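So the chains spell out like this:
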Amino acid sequence: MTLDTTQLNRERVFFADAEAIWLFGYGSLIWKAEFPYQERRPAHIEGWARRFWQGSHDHRGTPENPGRVVTLVESPGSICQGMAYRIGAEVLGPLDVREKNGYLRELTLMHFHDGSHAEGLVYLATQDNAAFLGDAPLDDMALQIATAHGPSGANRDYLLNLAAALEDLGAEDEHVVALADRVRDLRSMAR
Ligand code: SIN
């Protein structure tokens, strides 16, 4: 199922007159920053956990065989590590198109490694969006990720690139590591 959130996001203007906006990326926006930015800094947000619970019908899967990509779920006490980008407001239009399969612009407070913080945006896909898949047994999620492909490539690559980027950041994410290990096992079993 798909829901195009592009138009909804255009109406979600939180920083109307700002020349630059901080954007927090926690999924492909960490390792696939194919948009112009003025600055980027590792950052984290608090009270949220990254989960492969969002369906991808447009990038890493198809409507018939959706892939799984990350969204954030509320998790008191958790920290989600990612990358913050300082972008011009004009970059939001193309980002809305990229994140159109259920993600909405939301406000978030991001914390930088030097102890400073900034309010900015994050693209969040909540459980009431049409593409939300939710939790499933680890093996089922891994099999879905190992086998799904979409216009942006293999779902496996999305997961393994994210796992590598988080490792580079020194970020620990047990959910991502467990899925990446399982997907690698499936690949070696298939050989
Ligand atoms: C993000 O990376 O911040 C949002 C989810 C994605 O595009 O993978």
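Here goes a summary of the coordinates provided. Remember, it's a predicted structure, so these values are computed and weren't measured experimentally.

Definitions and cut-offs
Residues numbered from 1 in each chain as written. Predicted model: local features only at pLDDT ≥ 70, side-chain atom pairs only at ≥ 80, totals over all residues. Heavy atoms only, no water. Near = heavy atom within 4 Å. Polar contact = N/O pair within 3.5 Å; in protein donor to acceptor, adjacent residues only side chain to side chain. Areas by Shrake-Rupley, 256 points an atom, 1.4 Å probe, with all protein chains shown as cover. Nonpolar A, V, L, I, M, F, W, Y, C, P; charged D, E, K, R; others polar. Core = buried A, V, L, I, M, F, W, Y, C linked by side-chain atoms within 4.5 Å. Buried < 20%, exposed > 50% of the residue type's maximum accessible area, 1.4 Å probe, protein only. Contact = heavy atoms within 4.5 Å. Salt bridge = Lys/Arg side-chain N within 4 Å of Asp/Glu carboxyl O. Helix = DSSP H or I, 4+ residues; strand = E, 2+ residues; numbered from the N terminus. Phe/Tyr/Trp six-rings, centres within 6.5 Å; stacked < 30°, edge-to-face > 60°. Lys NZ or Arg CZ within 6 Å of the ring centre and 35° of its normal. Pairing = 2+ DSSP bridges. Axes fitted to C-alpha atoms, helices over the stretch in contact; angles between N-to-C directions.

Describing the site of the ligand
Reasoning step 1: As a structural note, the neighbourhood of the ligand is formed by Gly25, Tyr26, Gly27, Ser28, Leu29, Val70, Glu99, Tyr103 and Tyr158.
Reasoning step 2: One of the backbone N or O atoms of tyrosine 26 is found 3.0 Å from an oxygen atom in the ligand.
Reasoning step 3: For the ligand, an oxygen atom lies 2.8 Å from a polar atom in the backbone of glycine 27.
Reasoning step 4: Bound to the protein, the ligand loses 97% of the 250 Å² it would expose on its own.
Reasoning step 5: Along the lines of polarity and charge, the residues of the shell around the ligand split into 5 nonpolar, 3 polar and 1 charged.

Notes on the nonpolar core
Reasoning step 1: Of all hydrophobic cores here, the largest spans 52 residues; its most connected members are Phe52, Ile87, Leu95 and Leu159.
Reasoning step 2: Apart from residues no more than four positions distant in its own chain, isoleucine 87 is found in contact with Glu19, Ala20, Ile21, Leu23, Phe35, Pro36, Tyr37, Gln38, Leu92 and Leu95.

Observations concerning the pattern of salt bridges
Reasoning step 1: A full pass over the atoms with the stated rule returns 10 salt bridges.
Reasoning step 2: The salt bridge involving glutamate 106 is made with arginine 12; its shortest N-O contact spans 2.9 Å. Of this pair, glutamate 106 sits in strand β4 (residues 104–112) while arginine 12 sits in the loop between α1 (6–10) and β1 (20–25), and the two are 94 residues apart along the sequence.
Reasoning step 3: Bridged by salt links that share partners, the residues Asp139, Arg182 and Asp185 form one connected network.

So, the packing of aromatic side chains
Reasoning step 1: Here the structure, examined in full by the defined rule, presents 6 aromatic pairs.
Reasoning step 2: Considering the side-chain rings of tryptophan 22 and phenylalanine 112, the 4.9 Å spacing of their centres and the 55° angle between planes classify their relative orientation as tilted. Here the residue tryptophan 22 occupies a position in strand β1, and phenylalanine 112 occupies one in strand β4, the gap between them amounting to 90 residues.
Reasoning step 3: Judged by its relative accessible area of 10%, tryptophan 22 falls in the buried class.
Reasoning step 4: Taking 5.8 Å as the distance between ring centres and 85° as the angle between the ring planes, the aromatic pair formed by phenylalanine 52 and tyrosine 158 counts as edge-to-face. Taken together, the residues span a long stretch of sequence, with phenylalanine 52 in strand β2 (residues 39–56) and tyrosine 158 in helix α5 (residues 155–169) at a distance of 106 residues.
Reasoning step 5: In this structure phenylalanine 52 comes out as buried when scored by relative accessible area, which is 0%.
Reasoning step 6: Under the relative-accessibility criterion, tyrosine 158 is labelled buried at 6%.
Reasoning step 7: Through successive ring pairs, a cluster of aromatic residues spans Trp31, Phe52 and Tyr158.
Reasoning step 8: The ring centre of phenylalanine 112 lies 4.1 Å from the NZ or CZ of arginine 41, which sits over that ring.

With respect to the sheet that holds strand β5 (residues 117–124)
Reasoning step 1: Strand order in the closed barrel formed by 5 strands is β1-β3-β2-β4-β5, with mixed pairing between adjacent strands. Between one strand and the next, the sheet's axes are offset by a mean angle of 45°, whatever the strand orientation.
Reasoning step 2: For β4 and β5, the ladder comprises 8 bridges, and the chain directions are antiparallel. Residue pairing in the sheet places methionine 110 in a bridge with alanine 118 of β5.
Reasoning step 3: Each of β2 and β3 (67–88) touches helix α4 (residues 138–147); the most contacted strand, β3, lies at about 35° to it.

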